[in-house]
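# Secondary and tertiary structure notes
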Amino acid sequence: MKKIIIIKANGEKATFDVRKVESTCIRAGANPRSAKKIARQVHHQIHHGMTTKQIYSMVLNLLLQTESPAIKQRYRLKESIMMMGPAGFSFETFVGQILEKYGYTVRSISSEVQGRCITHEVDLTVESDRDKRKWLVECKYHNLPGKYTGLKESLYTHARFLDLADKFDNEMLVCNTKVSSDVIKYANCVGQKILSWRYPQDAGLERMIEDKKLYPITILSPTGRELESFFQNKIMIAKDLLDIDIGEFAHKTKIPIRRILSLQKLVNQIIT
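Residues numbered from 1 in each chain as written. Predicted model: local features only at pLDDT ≥ 70, side-chain atom pairs only at ≥ 80, totals over all residues. Heavy atoms only, no water.

## Describing the sheet that holds strand β6 (residues 170-175)
What the five strands build is an open sheet, ordered β3-β4-β5-β6-β7; its pairing is mixed. Looking at strand neighbours, the two that pair on one side only are β3 (104-114) and β7 (193-195), the edges of this open sheet. Shown here is a sheet whose adjacent strand axes are inclined to one another by a mean of 30 degrees, direction ignored. Pairing between strand β5 (residues 134-140) and β6: six bridges, direction parallel. Residue Lys140 lies in a different strand from β6, and its bridge partner there is Cys175. (Pairing = 2+ DSSP bridges. Helix = DSSP H or I, 4+ residues; strand = E, 2+ residues; numbered from the N terminus. Axes fitted to C-alpha atoms, helices over the stretch in contact; angles between N-to-C directions.)

Structure below.
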């Protein structure tokens, strides 16, 4: 196949890898034959200098032509997380709900904790259900593509952990983007757990979401008013919409019952 240079969201140049398109489509639920066909079509249509954003849109359109709408929605996972709001608080709540599905109990969200030297605002404090060890969790949220979480965030997470060492046993940095190689090197050195996009390999944030179908509510493409209502009611994970009392929720949020049923139908398609 021809070698094509594309432009990543951060402006860097990279060689287009058709296998990434294929594997991502399969992870979204496309059957292997369709995924291979889409990857081949994309490879034939792209040219030098195309951006990853343009390629992303191309894949979305091809998925819509060949697969169910639910698969297109799953393919939009990273974009959906970036739609969770610039304040970051909703991302912290979302991360807490994910960790609860993986053996942790959330003790607090965005709380002030007195350290040896100063008071810190800690994004999440969680406790392992297995060994009862307490974790300090810092969440780094980006709402723009192409952003890496760098060494600075890893350094201040560890500095905060050191000042709170009498209250926590472990530290964790969670982010919705990739991390730099320096972050990985430093975290491995000081014993900091990193949970990010595509890291750890085959066990990153996206894998944790996909494996237990913990897709964010934003994957349903709700309106701004609907999204605000979901956040106010602590509905961060799409499939939690299936557990609500529809009449009560419609009355409380003013979202029509017909619309709620439509969203629930899409949730069922996405998680099936």
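Alright, that's what it looks like, and here's the rest.
## Section: the pairing of β5
Within β5, five of the seven residues are buried, leaving the element largely enclosed by the surrounding structure. Of the pairings in the sheet, the one linking strand β4 (residues 119-128) to β5 comprises four bridges and is antiparallel in character. Note on β5: the bridge partner recorded for Glu127 is Lys134. Counted along the chain from β4 to the antiparallel partner β5, the turn is five residues long, and its residue Lys132 has a positive phi close to 65 degrees. Read from β5 through helix α7 (residues 151-163) to β6, the crossover connection turns out right-handed. (Buried < 20%, exposed > 50% of the residue type's maximum accessible area, 1.4 Å probe, protein only. Right-handed = clockwise from strand over helix to strand, strands pointing away.)

## Quick word on the environment of Tyr56
Mapped onto the secondary structure, Tyr56 falls in helix α3 (residues 52-66). Its relative accessible area of 23% is what places Tyr56 among the partly exposed residues. As a C-alpha pair, Tyr56 and Thr149 span 93 residues in sequence and 22 Å in three-dimensional space. Excluding anything up to four places from it in sequence, Tyr56 contacts Tyr75, Arg76 and Glu79. (Contact = heavy atoms within 4.5 Å.)

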